[in-house]
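Listed below are the residues making up each chain.
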Amino acid sequence: MTDHQPAHSSSPRWQRRPEARPEEILDAALATFCESGFARAKIEDVARLAGVSKGTVYCYFDSKEALFREMVRGKVVASLAEAEEFVRTYEGSARSLLVELIRRMYFRMRREQMMQLARVVQGELPHFPELARFYFDEVILRARRLVAQVLERGVVSGEFRPSADGFAARGLSSLLVHTAQVQCFFQRFDPQALTEEQAVEGLVDLYLHGVLAQPAERS
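Procedures and definitions
Residues numbered from 1 in each chain as written. Predicted model: local features only at pLDDT ≥ 70, side-chain atom pairs only at ≥ 80, totals over all residues. Heavy atoms only, no water. Patch = residues over 30% accessible without salt bridge, like charges linked within 9 Å, V, L, I, M, F, W, Y side chains within 5 Å. Areas by Shrake-Rupley, 256 points an atom, 1.4 Å probe, with all protein chains shown as cover. Salt bridge = Lys/Arg side-chain N within 4 Å of Asp/Glu carboxyl O. Buried < 20%, exposed > 50% of the residue type's maximum accessible area, 1.4 Å probe, protein only. Axes fitted to C-alpha atoms, helices over the stretch in contact; angles between N-to-C directions. Helix = DSSP H or I, 4+ residues; strand = E, 2+ residues; numbered from the N terminus. Parallel < 35°, antiparallel > 145°, perpendicular 65-115°, else oblique. Left-handed = near helix turned anticlockwise from the far one by under 90°. Contact = heavy atoms within 4.5 Å. Phe/Tyr/Trp six-rings, centres within 6.5 Å; stacked < 30°, edge-to-face > 60°. Lys NZ or Arg CZ within 6 Å of the ring centre and 35° of its normal. Expected span 1.5 Å × (residues − 1). pLDDT = per-residue confidence, 0-100.

Chemist: Help me understand a nonpolar patch on the surface, please; the structure alone is not making it clear to me.
Modeler: A cluster of nonpolar side chains, namely Val-182, Phe-186 and Phe-189, defines an oily patch on the protein surface of about 300 Å² accessible area. Given a relative accessible area of 30%, Val-182 falls into the partly exposed group.

See the structure below:
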């Protein structure tokens, strides 16, 4: 080989910018886990979808469990961090903050991949206790604390009433997940189907009437 001859043998066709690979792998991991579930998903499927080799995936993530954790941090926890910053810097009333937070959380959750991921979490993670604990700590508890923070702000300002055992913060997650799942998977079968805007407005109305300190007109 001369000094001017390119070394093609060591340069795969799928070579990309190294700094771009982790994000591409996480995107592929989200799609793969959503389609196959956690137990059936394979690293080689993620690699194929990302356009890299299986070895490249292992360069960044040493196991399927580690890949799942980083995917959750990149695709779910990152959104929670944005919501936390939004709440921290919000200057309006607690009621208007709660309404906007509910809307943001709903439309984020309503995305089809997020709904598919929720099914994986609900259906499979109980069989993987370490991952279940990770998801509970990183996502469920963090989201609950965020809602509880907004509700406490409203209690202090006199806008909201305290809830027994802090159930209001827990209850919002249940309402959000169930409403989003019905809209995502069953809307087309519903003879009285709601639009997405009707669904979230109904959710806001129902939840507000559960936490407001004083009766209010429909918002």
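Chemist: When you look at the packing of helix H1 (residues 21-40) against helix H6 (residues 112-124) in this model, what are you seeing that I'm missing?
Modeler: Each pair of packed helices can be summarised by the angle the axes make with each other and by the distance between the axes. Where H1 contacts H6, the axes come no closer than 9 Å and their chain directions differ by 20 degrees. On the basis of their axis angle, the class for H1 and H6 is roughly parallel. Pair H1 / H6 crosses with left-handed handedness. Together, Leu-30, Ala-31, Phe-33, Cys-34, Ser-36, Gly-37, Phe-38 and Ala-39 of H1 and Gln-113, Met-114, Gln-116, Leu-117, Val-120 and Glu-124 of H6 make up the contact between the two elements.

Chemist: Looking at this structure, how should I read the pattern of salt bridges?
Modeler: As a working rule, side chains carrying opposite charge can pair if their charged atoms are close by. Under the criterion given, the structure shown has 13 salt bridges. The residue Arg-142 makes a salt bridge to Glu-84 at a minimum N-O spacing of 2.7 Å. Highlighted residues: Arg-142 in helix H7 (residues 129-157) and Glu-84 in helix H4 (residues 64-89), separated in sequence by 58 residues. The residue Arg-104 makes a salt bridge to Glu-100 at a minimum N-O spacing of 3.1 Å. Here the residue Arg-104 and the residue Glu-100 both occupy positions in helix H5 (residues 94-109), the gap between them amounting to four residues, near one helical turn. Classification of Glu-100 by relative accessible area gives partly exposed; the value is 30%. Salt bridges linked by common partners bring Glu-23, Asp-27 and Lys-75 together as one network.

Chemist: Explain the packing of aromatic side chains to me, please; I cannot follow it from the model alone.
Modeler: Any pair of aromatic rings gets described here by the distance separating the centres and the angle formed by the planes. Scanning the model with the defined rule gives seven aromatic pairs in all. For the ring pair Phe-38 and Phe-68, a centre distance of 5.4 Å and an interplane angle of 80 degrees mean the geometry is edge-to-face. Here Phe-38 is found in helix H1, whereas its partner Phe-68 is found in helix H4, with 30 residues between them in sequence. On the basis of relative accessibility, which here comes to 0%, the residue Phe-68 falls in the buried class. Across the ring face of Phe-38, the terminal group of Lys-64 is positioned such that the distance to the ring centre comes to 4.7 Å. Positioned above the aromatic ring of Phe-86, the side-chain terminus of Arg-104 is 3.8 Å from the ring centre.

Chemist: Is there a simple way to explain the side chain of Arg-103 in this structure?
Modeler: You can see Arg-103 is positioned in helix H5. Not counting the four nearest positions on each side in its chain, Arg-103 is found in contact with Glu-197, Val-200 and Glu-201.

Chemist: When you look at unusual backbone geometry in this model, what are you seeing that I'm missing?
Modeler: Glycine aside, residues mostly have negative phi, and peptide bonds are mostly found in the trans state. Residue Asp-165 is not a glycine yet carries a positive backbone phi of 55 degrees. Judged by its relative accessible area of 78%, Asp-165 falls in the exposed class.

Chemist: Please clarify how H5 should be interpreted in this entry.
Modeler: Along an α-helix, a turn takes 3.6 residues, which lines up residues three or four apart on a common side. In this model H5 runs 22 Å from its N-terminal to its C-terminal C-alpha over 16 residues, within 8% of the 22 Å that 1.5 Å per residue would give. All buried positions along H5 are accounted for by Ala-94, Leu-97, Leu-98, Leu-101, Ile-102, Arg-103, Met-105 and Tyr-106. For H5, the elements touching its buried residues are H4, H7, helix H8 (167-185) and helix H9 (196-211).

Chemist: Quick question: what am I supposed to make of the confidence of the model for the protein chain here?
Modeler: Predicted coordinates in areas of low pLDDT are best not read in detail. Put simply, the protein chain has an average pLDDT of 89, and 89% of its residues get 70 or more. Under a pLDDT of 50 for its full length, residues 1-17 has, in the predicted model, eleven contacts with residues more than four places off or in other chains.

Chemist: Honestly, H9 in this entry has me stumped. Any pointers?
Modeler: The end-to-end C-alpha distance of H9 is 23 Å, a good match for the 22 Å that 16 residues give at a rise of 1.5 Å each. For H9, the complete set of buried residues consists of Ala-199, Val-200, Leu-203, Val-204, Asp-205, Tyr-207, Leu-208 and Val-211. In the core, the buried residues of H9 are packed alongside H5, H7 and H8.

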